[in-house]
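Summary of the model geometry
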Amino acid sequence: MAKSNLLKTQDVTFLDLIGNGKKYRVPSFQRDYAWEEEQWEDLWNDIQELLCAPGSFHYMGALVVEAVSDREFQIIDGQQRVATLSVLALAVIDRLQQLPGDADTKEANAERASELRKRFIGEKDPASLLQSSKLFLNDTDDGFYQDYLVQLRTPGNPRGLPKSNRMLWQCFGWFQKRLADSGLEGEVLARLLSDTVARQLLFILITVEDDISAYTVFETLNARGLELSSTDLLKNYLFSRVPVRSDLEALQRRWRHMIGTIKHERFPDFLRYHLLCQSPQIRKQRLFKKVREEVKTSADVFALMDALEQRADLFAAMDDTSHEYWTDRPAAKPYVRDMQLFGVRQHMPLVFAAWERMSADDFTRVLKLLCVLSVRYTVIGSLNTNELEPVYHRAAKALLDGAVRTPAEVFAQLRSVYVDDEKFVRDFSHKEMDTTGRRKKVVKYLLCALESDASGASLDWESDHGTIEHILPENPSAQWDEAFNPDRQKDFIYRLGNLMLLEQSINRECQNGSFEDKKPQYERSSYAAANALGHSDQADWSPALLTLRQERMAQRAAHVWRSDFV
């Protein structure tokens, strides 16, 4: 079949999908069948609504397939829905065969069951007289599906089946009961499948030309509404490179352990950061192609697994300050926590390299440096984080290759993304930050660090009980209108110069009061910044005074977040 387009999309009915001799295969190591009663019931309710509205349709979502030939397709995503509809079809066929009636009725129902089987399930092999199939599931489920469900045979010990086989069998039984309770018989029952299910359920069929195209589709769609994930596609490719059954079983064990460490949804990021240690730039959409280029044989797969397993725990530890990795490196924990707060991850290749090549003390100094860089570049500067990846790659590769060995030499590699004092002070002087959600914690972090520097006391943003005081309140009363133009008040409320730490009890008393009312309360505060403002000779609070205060904060910030190597 000629391959010219990356993908093509079309709306198709279930009949379009399964008819005209088409066959569908689920990749061997794709996820097992996992739908449960909640999903079966949702599907059944949708079908019941369609049954009452013959001219209506219901979208089943996207179905992604790779065309092997004009009539054979590999299901990249959507196997749960296709498998469930096939099980429903088998339940209808079984019900028709079991219905009571006179000889003519039974003969008619048997013919209906036979025609429905040919259309939706497959035809009987003329030699073996076994029923063939249009659908082939993964390694775990296909044997049970073909040998029991397609043949309408009852397993001897359903409780002893693997979980996914058991779920398939329970699905069949669940639909059997619903069909029996529905009271549908004969022609009406047959039409439930041949008309309602076959013609009123619509799929958005996405046909891709190869597995690289499939990965691109997933990244483009961001996996919304899809059963599968980018992790599954990467896994399917890696497992397809290993032909020996014993090796596959070993790979499966190792894969499960690694995924248990880093979590399923994080694998593409983990793999990309691992590869960025050696490759200068790998866009997320190009990750699959990069893997295809570098991993071609079974030996390549196991070499990659060896390398990934070496870094999996560190990757997980960078998201978990309680991880055992930090037991022996307690000095690193605050920086790990702060990096989590900032939500930046581009540094991971350098973290891998520093862990593997540096002492515990130097590793901690690199983490501290990364926090300083992140505050200057990302938190305050809001600069393009895509520019960080090639810089961190160069530093990581230099460390791994032995070209640099010390934190100071690492800083030299990162100098281009270290925002200088002049720009940092300018950025900080005009910065405003919302105090809701995660941003509220970031503001608390900044204020605690500045307060610590001003007072000499060590404040921890996570454990400190102080609250964020808005000197110009978030909901200003009319008495603020003279100092701050009502049309522009929102431009000043979240400026960093308008914010400071304050005890919760004092903050409650201040509420939306005027500056004149608040100032005596500030005098009672044990926080240096609030106390100083309370004892100052300022009689009011204005945009000019706010700006002046923020400029002074910016000068202090340049000292607090300064590299040790400048």
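Use the structure listed above.
So, here is what we can say about the structure in this document.

Bringing the overall build of the protein into the picture now. On a plain count of helices and strands, the protein comes out with 25 helices and eight strands. A globule of 566 residues ought to have a C-alpha radius of gyration of about 24 Å, yet the protein, at 32 Å, is considerably larger. Looking at the 566 residues of the protein, the share that counts as buried comes to 51%. Element-wise, carbon and sulfur atoms account for 45% of the exposed surface of the protein, whose accessible area totals about 26,300 Å². In the protein, 73 side chains carry a positive charge and 84 a negative one; their mean positions are 3 Å apart.

Here we come to the packing of helix H14 (residues 333-342) against helix H20 (residues 437-455). For any two helices packed against each other, one specifies the inter-axial angle together with the distance between the axes. With their axes 9 Å apart at the nearest point, H14 and H20 run at an angle of 135° to one another. Put simply, H14 runs oblique to H20. The hand of the H14/H20 crossing is left-handed. Residues Asp-338, Leu-341 and Phe-342 of H14 touch H20, and the partners they reach there are Arg-438, Lys-441, Val-442 and Tyr-445. Of the residues belonging to the contact of H14 with H20, the class tally is four nonpolar, no polar and three charged.

Here we take up the side chain of Asp-77. With respect to the helices and strands, Asp-77 occurs in strand E4 (residues 72-77). Of the residues examined, Asp-77 reaches a relative accessible area of 0% and is grouped as buried. Within polar-contact distance, the side chain of Asp-77 engages the side chain of Arg-81 at 3.2 Å.

One pass over the structure, following the stated rule, counts 25 aromatic pairs. Centroid distance Phe-144 to Trp-169: 6.4 Å. Interplanar angle 85°. Geometry classified as edge-to-face. Linking Phe-144 in helix H5 (residues 139-149) with Trp-169 in helix H6 (residues 163-182), this pair joins segments that are 25 residues apart in sequence. Aromatic side chains Trp-326 and Trp-355 sit 6.0 Å apart centroid to centroid with 90° between the ring planes, which places their arrangement in the edge-to-face category. Taken together, the residues Trp-326 in the loop between helix H13 (298-317) and H14 and Trp-355 in helix H15 (residues 348-357) connect sequence positions 29 residues apart. A relative accessible area of 1% places Trp-326 in the buried class. Directly above the aromatic system of Tyr-148 lies the positively charged group of Arg-153, at a separation of 4.5 Å from the ring centroid. In this arrangement the basic side chain of Arg-178 is found over the ring face of Trp-174, its NZ or CZ atom lying 4.0 Å from the centre.

The contact between helix H17 (residues 388-401) and helix H18 (residues 407-414) brings their axes to 9 Å, and the two run at 145°. Where H17 crosses over H18, the two elements pack in a sense that is right-handed. Counting all contacts with H17, which are made through Val-391, Tyr-392, Arg-394, Ala-395, Ala-398 and Leu-399, the residues of H18 involved are Val-410, Gln-413 and Leu-414.

Before going further, it helps to examine H6. Spacing of three or four residues puts side chains on the same side of an α-helix, whose turn is 3.6 residues. Taking 1.5 Å as the rise per residue, H6 with 20 residues should run 28 Å; its terminal C-alpha atoms sit 28 Å apart, in good agreement. Looking at H6, one finds that the buried residues are Ser-164, Asn-165, Met-167, Leu-168, Trp-169, Cys-171, Phe-172, Trp-174, Phe-175 and Leu-179. Against helix H2 (37-51), helix H3 (79-98), H5 and helix H7 (186-200) lie the buried residues of H6. Looking one or two places after H6, you find Gly-183, whose phi comes out positive at around 80°.

The rules behind these values
Residues numbered from 1 in each chain as written. Predicted model: local features only at pLDDT ≥ 70, side-chain atom pairs only at ≥ 80, totals over all residues. Heavy atoms only, no water. Helix = DSSP H or I, 4+ residues; strand = E, 2+ residues; numbered from the N terminus. Rg over C-alpha atoms; globule rule 2.2 N^0.38 Å. Buried < 20%, exposed > 50% of the residue type's maximum accessible area, 1.4 Å probe, protein only. Areas by Shrake-Rupley, 256 points an atom, 1.4 Å probe, with all protein chains shown as cover. Lys, Arg positive; Asp, Glu negative; His and termini not counted. Charge placed at Lys NZ, Arg CZ, Asp CG, Glu CD. Axes fitted to C-alpha atoms, helices over the stretch in contact; angles between N-to-C directions. Parallel < 35°, antiparallel > 145°, perpendicular 65-115°, else oblique. Left-handed = near helix turned anticlockwise from the far one by under 90°. Contact = heavy atoms within 4.5 Å. Nonpolar A, V, L, I, M, F, W, Y, C, P; charged D, E, K, R; others polar. Polar contact = N/O pair within 3.5 Å; in protein donor to acceptor, adjacent residues only side chain to side chain. Phe/Tyr/Trp six-rings, centres within 6.5 Å; stacked < 30°, edge-to-face > 60°. Lys NZ or Arg CZ within 6 Å of the ring centre and 35° of its normal. Expected span 1.5 Å × (residues − 1).

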